[in-house]
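The lines below spell out each chain.
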Number of protein chains: 2
Amino acid sequence: MSETYRYPHGDRLLVAIDCIIFGYDETGLKVLLVKRHIEPGKGQWALMGGLLNAQETLDEAARRILIILTGMHDVYLEELKVFSEVDRDPVERTISVTYFALINIHNYEHQISTDYEARWFSISHLPELLFDHAHMITYAKNKLKYKAALHPIGFELLPEKFTLTQLRNLYDSIFETELDKGNFRRMILASGLLIQLWEKDKSASKKGAYFYQLDEKKYKEKFNSFLNLTPNSKTISWQ
Amino acid sequence: MSETYRYPHGDRLLVAIDCIIFGYDETGLKVLLVKRHIEPGKGQWALMGGLLNAQETLDEAARRILIILTGMHDVYLEELKVFSEVDRDPVERTISVTYFALINIHNYEHQISTDYEARWFSISHLPELLFDHAHMITYAKNKLKYKAALHPIGFELLPEKFTLTQLRNLYDSIFETELDKGNFRRMILASGLLIQLWEKDKSASKKGAYFYQLDEKKYKEKFNSFLNLTPNSKTISWQ
DNA sequence: GCAAAAGTGTTCCGGATACACCCATGC
DNA sequence: GCATGGGTGTATCCGGAACACTTTTGC
């Protein structure tokens, strides 16, 4: 309900979007951060963000911001939470709507825009961050863990073709566990989400491991149902 | 990241909060709506809402709004989603941060404030609603279903003392199923969340059914873990 | 042949499900 | 005694979990 209402003179309220962009490679989960070139907080590492424009929705704004930094269009993007502590931005009252994004790190090309100095950081070795951005990342990491336990979200972080060992390593990173090889294999194949290719990855072993890819149809069908995608889901918790 | 930025002259951006307030009685799930006394949309039913004040967080604003309408303080409240379609409010650009609240309908007292004309509506027979409020309710209903399947959230809708049949009926309403009496009983007792009282409810049967209450300690401990709280959770989906 | 990763088999156990059955009581 | 909801028992089935085993191939 919008009532007639004005913020006190001088109390502008800004609405920002910040994106927690996750990527994954053999060495683990990563977050993409940018170096801030303006005050306040100049020189600090921060999440990529921007302000909401008058003629766009928040989803559109988040996508716009993501494209500016990565040039990537078909990216998994989901609203996370609004951060609205009164003093979170020391200069102006700004609330920030956070989104988390999952991208295939290998499709990411550096220097899409020279306006931003961007770098991938391992999730376990983050630098000091702007404002409440560290909280945002922690929150996003938990949400990823939670959601990945129930929905086939992990694939968004991998290339088109991947081996089951790569997939399992990814899940190990997300859940911070060591999943059983055989059980993981059976579980994930039983889900019916994967199509086996007749091509092998020989880089990691002599025998070679078959590549798999997502069955897009099944993926869309099953995305919103509960899928028990991890053992000991009982131990996963939220917030 | 806040950059130096101004909305075009005349393009004020307002931040509103709208609360989807759920209640439950023997006849099913209910939502609390208020009749709007101001334009735009005067005379229409709407979610209870308000604007974000300069010196409060969104959580605080949501709680403030809930207290204005219901007078209730200890209420389950959770951020749901931000609605930001450009034209959702025909007069001013307003984004709305929605919260869903679960209250014990029997503690709700009418006429806390005579400023609002409030009424409970059955979730399945809603009137025409302001702006995008119908979408908000649909979204909230799904979220409730989703969350209640995994976390012991349902109790928030019941009185302190309740029988297992009452609890089962509540879950039947939420999930739109008919749960098996015996299995539900075992499942819910096995969760360890309930304490049996030595008092019986004789209103529904001659034999009488024991009242139970939440074990607050266990409840807090287990709230964030995955608890399979419903059969056929496989069939629950999201969005 | 051996190491190393891929992939398979097998056993065990507990929980979900279906459904039949007793229990207590007011009329 | 009988109808009504409360509450218990139990056989079955399936999937998770642990872990041992076989396969393939480069060196």
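Conventions and cut-offs
- Residues numbered from 1 in each chain as written.
- Chains lettered and ligands numbered in written order.
- Predicted model: local features only at pLDDT ≥ 70, side-chain atom pairs only at ≥ 80, totals over all residues.
- Heavy atoms only, no water.
- Helix = DSSP H or I, 4+ residues; strand = E, 2+ residues; numbered from the N terminus.
- Buried < 20%, exposed > 50% of the residue type's maximum accessible area, 1.4 Å probe, protein only.
- Contact = heavy atoms within 4.5 Å.
- Areas by Shrake-Rupley, 256 points an atom, 1.4 Å probe, with all protein chains shown as cover.
- Patch = residues over 30% accessible without salt bridge, like charges linked within 9 Å, V, L, I, M, F, W, Y side chains within 5 Å.
- Salt bridge = Lys/Arg side-chain N within 4 Å of Asp/Glu carboxyl O.
- Lys, Arg positive; Asp, Glu negative; His and termini not counted.
- Charge placed at Lys NZ, Arg CZ, Asp CG, Glu CD.
- Pairing = 2+ DSSP bridges.
- Phe/Tyr/Trp six-rings, centres within 6.5 Å; stacked < 30°, edge-to-face > 60°.

Chain A is annotated in an unreviewed UniProt entry as NUDIX domain-containing protein from Arundinibacter roseus.

**Some words on the overall build of chain A**
Within chain A, the regular secondary structure consists of five helices and 10 strands. Residue burial in chain A is summarised as follows: out of 239 residues, 56% are buried. Intrachain contacts of chain A at a sequence separation of at least 6 include 69% that bridge at least 24 residues. Looking at chain A as shown, the accessible area adds up to about 11400 Å², and 49% of this sits on carbon and sulfur atoms.

**Examining a positive patch on the surface**
Taken together, the side chains of Lys181, Arg185, Lys200, Lys202 and Lys207 of chain A define a basic patch exposed on the protein surface. With relative accessibility at 67%, the residue Lys207 of chain A sits in the exposed group.

**Some words on the pairing of strand S5 (residues 76-83) of chain A**
Residues and elements named next belong to chain A. Counting buried residues in S5 gives eight out of eight residues, a clear majority hidden from the surface. As paired elements, S5 and strand S6 (residues 93-102) share seven bridges and run antiparallel to each other. Paired with Leu77 across the two strands is Ala101, which belongs to S6.

**Here we look at the packing of aromatic side chains**
Under the criterion given, the structure shown has 22 aromatic pairs over all chains. Here the aromatic rings of Trp198 of chain A and Tyr210 of chain A are separated by 5.5 Å at their centres, their planes lie at 85 degrees, and the arrangement is edge-to-face. Taken as a pair, Trp198 of chain A in strand S9 (residues 194-201) and Tyr210 of chain A in strand S10 (residues 209-214) lie far apart in primary sequence, 12 residues in all. What makes Trp198 of chain A exposed here is its relative accessible area of 72%. Consider the rings of Tyr76 of chain B and Phe100 of chain B, whose centres lie 6.2 Å apart with planes at 55 degrees: the pair is tilted. One end of the pair, Tyr76 of chain B, is in strand S5 (residues 76-83); the other, Phe100 of chain B, is in strand S6 (residues 93-102), and 24 residues separate them in sequence. With respect to class, Tyr76 of chain B is no different from Phe100 of chain B; both count as buried. Grouped by ring-pair contacts, the aromatic residues Phe22, Tyr76, Phe100, Tyr219 and Phe223 of chain A constitute a single cluster.

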